[in-house]
Amino acid sequence: MSAGRMATGVREDRAGLRAHDIMKRYSGVTVLHGVSVAVRPGEVLGLVGHNGAGKSTLLRTMSGATVPDAGRIEVDGREVTLASPRDSLAAGIATVYQELSLLPNLTVAQNVFLGDERTAGGLLQGDAMRKEARALAADFGLEVDVDRKLGDYPVATRQLLEVAVAIHRDARYLLLDEPTTSLEGRQVENFLEVVRTLASERGMGVLMVNHKLDELYAVADRVAALVDGRLRIDARVDEVSREEVIVAIAGEEAREAAPSEQLPAASPAAAVAAGAGLRLEVRDLTGPTLTGATLTAEPGRVLGLYGLVGSGRTELLRSLVGLERLAGGTITLDGRPYRPTNPAAAQRAGVVYVTEERKQDGIVAQLDSITNVALPVLLRHRRLGLLDHRALRREAHDLTRRLQVRGDVTNPVASLSGGNQQKVLLARALAQRPRVLLLDEPTKGVDIGVKTEIHRMIRALAHEEGLTVVLVSSEEEEICEVADDIVVVSHGGTDGVRLADHERSPRDLRHAAWTAA
Ligand SMILES: Nc1ncnc2c1ncn2[C@@H]1O[C@H](COP(=O)(O)OP(=O)(O)OP(=O)(O)O)[C@@H](O)[C@H]1O
């Protein structure tokens, strides 16, 4: 990436994207209580906080997506009104949200110039635009054909292109909302490297929301922590330890919670509640993306499936609940043939899948959390042909409490923060009383405190309640911490051979996946 520090001609003490005393309320509830932060040129500010702390809301007030109820935003000493994303772009602020915004059906070059096409004498300058797009991609180390559809490229490439396009629009400040949740190992490192370079070599100011403190400490100059809509920490990373950040966000009890020894241990097979889980055996499964998957998941244990994005790990889980077409192979549950045709049939057989795509095929956004949890189990609460609403809601309330869903569970689930929506999804799965639980990235976007809690719960479901759990995660640390057995998936297949104990570090996992790819 080429160097070149931005010359803004602004007095140094005023340079920066600054939010002053930002206040925001939703339906009478204050979610930001007068928060002030500064994103300085050449600096990466990491923003952390528990689910629902107000991180996205704060970021959105700086990106023009949300108008604050009070407070002001200044860019390089000048107050700006950001009533729309267009206003923020004009002020030199670019934003990359978790849900990517470029259009997969357009080519890379068309995306780069979307809404900003180069014309001369009323004619589109196709060649010039392609050339510029090529140079931009090369600048970011991306090997892409700018005439190909964006959708042909993997999510890691698209994520970097989002940043490239944002910067191409002359942004001086970059806002990133959990940018690495869909990336794995090496892609994350690459992405963070780009962020670092943008700040240190181009003088950009970057605000990055990220739950993963490892990543944050690898790239940020400063860290800011929000707790219940108030700024608790705002310091240089060398002035505040990770532990202090964790305690600020998740409370004192999180101090000891981190080590995995705290998690329930695997119980001997005999101790597992009889009949709670089902032995899942998959042999030579093939389909449009599966090339031969073989594995065994046992009651009372967590089987971790690790593979790179695109390895087929999600397709494998989806095929186990009838969401992917199968061409060949066999599946059995406790030795009995099992061929699911859809998730409802899978649920009747005791197999429940928790999707990573909660927006696309997870929760029903306009319904409240309680109804979302209750939906798949309505039939269980039928008495004499009538629905027992009270019992139904009681069970759903219990589950949302158990999962510590923060926010009003009687409001549409879309109004909850991302991490809390994820918890609702898990509560819904548990309401279905699964015997085999298939979890796809269950802690995506979940804060540190709840993440530990969910890890503990997954292990307890297997080790104490005897369920059969299959866990897909692109976080190597998560797989190592939670899974009892680990198999690697690549090219749509796996031989089901478990990694030996001495091969179970995050580094080993990454290595195994890349050598298999
Ligand atoms: N459009 C909205 N309508 C009503 N409430 C909202 C809306 N957007 C956010 N909230 C509420 O504001 C609070 C802060 O949400 P926000 O998304 O900013 O949290 P967050 O810190 O980004 O959380 P997460 O880590 O889970 O993404 C939450 O209680 C959320 O339910």
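Fair warning: this is a prediction, and the values are worked out from it, not measured in the lab.

## Thoughts on the site of the ligand
Item 1. Lining the immediate environment of the ligand, one finds 17 residues, of which Lys55, Thr57, Ser415, Ser417 and Gly419 sit closest.
Item 2. Between an oxygen atom of the ligand and a side-chain N or O atom of serine 56, the distance comes to 2.8 Å.
Item 3. Bound to the protein, the ligand loses 79% of the 640 Å² it would expose on its own.
Item 4. Looking at the shell around the ligand, the elements that each hand over two or more residues are helix H1 (55-63) and helix H15 (418-431).
Item 5. At three residues, H1 tops the list of elements feeding residues into the shell around the ligand.
Item 6. Of the residues contributing to the shell around the ligand, the split by class is four nonpolar, eleven polar and two charged.
Item 7. When we break the shell around the ligand down by domain, the ones giving at least three residues each are domain 1 (17-254) and domain 3 (366-433).

## Thoughts on the nonpolar core
Item 1. Core analysis: the largest hydrophobic core is formed by 58 residues, its most contacted members being Phe140, Val163, Leu174, Leu176 and Val245.
Item 2. At nine residues, the largest contribution of residues to this core is made by helix H5 (residues 155-168).
Item 3. Residues Val373, Val409, Val413 and Val424 belong to the second largest nonpolar core, which totals 46 residues.

## Description of the pattern of salt bridges
Item 1. Counted by the stated rule, this structure contains 26 salt bridges.
Item 2. One salt bridge connects arginine 236 with aspartate 238, and the closest N-O pair in it is separated by 3.4 Å.
Item 3. For aspartate 238, a relative accessible area of 60% corresponds to the exposed category.
Item 4. Residue arginine 313 is joined to glutamate 441 by a salt bridge in which the shortest nitrogen-to-oxygen separation is 3.3 Å. With a gap of 128 residues between them, arginine 313 in helix H10 (residues 313-319) and glutamate 441 in the loop between strand E21 (436-440) and helix H16 (448-463) connect regions that are remote in the sequence.
Item 5. Judged by its relative accessible area of 5%, arginine 313 falls in the buried class.
Item 6. A single salt-bridge network, built from bridges that share partners, covers Arg279, Glu281, Arg283, Glu298, Arg301, Asp485 and Arg498.

## Side note on the sheet that holds strand E9 (residues 173-177)
Item 1. Read from one edge to the other, the open sheet built from six strands follows the order E6-E9-E10-E3-E11-E12, with strand pairing classed as mixed. Whereas interior strands pair on both sides, the edge strands pair on one side only; in this sheet they are strand E6 (93-96) and strand E12 (230-236). Adjacent strand axes in the sheet meet at a mean angle of 15 degrees, parallel and antiparallel pairs treated alike.
Item 2. Bridge count for strand E3 (residues 44-49) against strand E10 (residues 205-209) is four bridges, and the pairing is parallel. Bridge assignment links leucine 47 to a residue of E10, and that residue is valine 209.
Item 3. Docked against the sheet, helix H8 (residues 242-250) engages E3, strand E11 (222-227) and E12, running at close to 175 degrees with respect to E12.

## Focus: the sheet that holds strand E22 (residues 468-472)
Each strand in a sheet pairs with another by means of backbone hydrogen bonds, the pair being arranged parallel or else antiparallel.
Item 1. The five strands lie next to each other as E18-E21-E22-E15-E23, forming an open sheet whose pairing is parallel. The open sheet has two free edges, formed respectively by strand E18 (351-354) and strand E23 (485-488), since each of these has just one partner strand. Neighbour-to-neighbour, the strand axes of the sheet open up by a mean angle of 15 degrees, direction not taken into account.
Item 2. The pairing of E18 with E21 spans four bridges and is classified as parallel.

## Considerations on the domain arrangement of the chain
Accessible area lost during the coming together of the parts is what is often quoted as the interface size.
Item 1. The domain architecture assigned to the chain consists of domain 1 (17-254), domain 2 (280-350 + 434-516) and domain 3 (366-433).
Item 2. For domain 2 and domain 3, the distance between their C-alpha centres works out to 25 Å.
Item 3. Taken together, the contact between domain 2 and domain 3 spans 16 residues of the former and twelve residues of the latter.
Item 4. A buried area of about 1200 Å², summed over both sides, lies between domain 2 and domain 3, and 64% of it is on carbon and sulfur atoms.
Item 5. Per-residue buried area on domain 2 facing domain 3 is highest for Gln347, Pro434 and Met457; these three make up 42% of the total on that side.

## Some points on the packing of H5 against helix H6 (residues 185-200)
Item 1. Taken N-terminus to C-terminus, the directions of H5 and H6 make an angle of 10 degrees; their axes are 10 Å apart at the nearest point. Accordingly, the angle class assigned to the pair H5 and H6 is roughly parallel. Contact residues: H5 offers Ala156, Gln159, Leu160, Val163 and Ile167, while H6 offers Gln187, Asn190, Phe191, Val194 and Leu198.

## As for helix H14 (residues 389-402)
Item 1. For H14, with 14 residues, the first-to-last C-alpha span of 20 Å sits near the 20 Å given by 1.5 Å per residue.
Item 2. Immediately beyond the C-terminal end of H14, within one or two residues, lies glutamine 404, with a positive phi of roughly 55 degrees.

## What about the pairing of strand E16 (residues 328-333)?
Item 1. By the bridge criterion, five bridges tie strand E13 (residues 280-286) to E16 in an arrangement that is antiparallel. Each residue of the ladder has a partner; that of arginine 283, found in E16, is threonine 330.
Item 2. Hairpin connection between E16 and strand E17 (residues 336-337): a loop of two residues separates the two successive antiparallel strands, and aspartate 334 in this loop has a positive phi of roughly 50 degrees.

## Here we look at the packing of aromatic side chains
Item 1. Scanning all chains against the criterion turns up zero aromatic pairs.
Item 2. Lysine 24 extends its terminal NZ or CZ atom over the ring of tyrosine 26, reaching a point 5.2 Å from the ring centre.
Item 3. The ring of tyrosine 153 has arginine 148 sitting right over it, with the charged end atom 5.2 Å from the ring centre.

## Re the packing of H14 against H15
Item 1. Between H14 and H15, the least distance of the axes is 9 Å, while the angle of their chain directions is 130 degrees. Here H14 is positioned oblique relative to H15, judged by the angle of their axes. Two packed elements cross with a definite hand, and for H14 against H15 that hand is right-handed. For the pair formed by H14 and H15, the contact residues are Glu395, Leu399 and Thr400 on the first element and Ala427, Leu430 and Ala431 on the second.

## A word on the side chain of threonine 400
Item 1. Examined against the element boundaries, threonine 400 turns out to sit in helix H14.
Item 2. Look at threonine 400 and you get buried, because its relative accessible area is 4%.

## So, unusual backbone geometry
Item 1. One non-glycine residue, glutamate 178, adopts positive backbone phi at about 45 degrees.
Item 2. By the element assignment, glutamate 178 lies in the loop between E9 and H6.
Item 3. We classify glutamate 178 as buried; its relative accessible area is 10%.
Item 4. The phi dihedral of aspartate 228 falls on the positive side, at around 45 degrees, and the residue is not glycine.

The rules we used
Throughout, a residue's number is its position along its own chain's written sequence, starting from 1. Totals for whole chains, interfaces and linings use every residue, but because this is a predicted model, local features are given only for residues with pLDDT of at least 70 and side-chain atom pairs only at 80 or more, for both listing and counting. By convention in this description, side-chain values take in all heavy atoms of the structure and omit both hydrogens and water. For this description, a residue counts as near a given molecule or strand if any of its non-hydrogen atoms is within 4 Å of it. Here a polar contact is taken to be a pair of N or O atoms separated by no more than 3.5 Å, where protein atoms must pair a possible hydrogen donor with a possible acceptor and residues adjacent in sequence count only if both atoms sit in side chains. Note on areas: Shrake-Rupley, 1.4 Å probe, and residue coverage restricted to the protein chains presented here. Note on conventions: DSSP H or I runs of at least 4 residues are helices, E runs of at least 2 residues are strands, and numbering of each starts at the N terminus. By the convention adopted, Pro, Cys, Tyr, Trp, Phe, Met, Ile, Leu, Val and Ala count as nonpolar, Lys, Arg, Asp and Glu as charged, and the other residues, Gly among them, as polar. Each domain's extent was defined by an automatic or database domain assignment. Throughout, nonpolar core names a set of buried Ala, Val, Leu, Ile, Met, Phe, Trp, Tyr and Cys residues whose side chains join them through atoms within 4.5 Å. The classification of residues rests on relative accessible area computed with a 1.4 Å probe and restricted to protein chains. Under 20% of the type maximum is buried, over 50% is exposed, and intermediate values are partly exposed. Each salt bridge in this description consists of a side-chain nitrogen of Lys or Arg and a carboxyl oxygen of Asp or Glu lying within 4 Å of one another. By definition, two strands form a pair when at least two bridges between them are found by DSSP. Under this scheme, a helix contributes an axis fitted over its contacting stretch, all axes are lines through C-alpha atoms, and angles between N-to-C directions fall in the 0 to 180 degree range. The contact criterion used is simple: two residues touch if any of their non-hydrogen atoms lie within 4.5 Å. Accessible surface is computed with a 1.4 Å probe, and the buried area is the amount of it that two parts give up when combined, taken over both parts together. These descriptions rest on fixed angle ranges, namely under 35 degrees for roughly parallel, over 145 for roughly antiparallel, 65 to 115 for roughly perpendicular, and the rest for oblique. For a helix, the expected span equals 1.5 Å multiplied by the residue count minus one. Pairing of aromatic side chains requires ring centres within 6.5 Å, counting the rings of Phe and Tyr and the six-membered ring of Trp. Pairs whose planes differ by under 30 degrees are stacked, by over 60 edge-to-face, and all others tilted. Here, over-ring charges are defined by two tests on the NZ atom of lysine or the CZ atom of arginine: distance to the ring centre within 6 Å, and angle to the ring normal within 35 degrees. Crossings are classed by handedness, with left-handed meaning an anticlockwise turn of the near helix from the far one by less than a right angle and right-handed meaning a clockwise turn.

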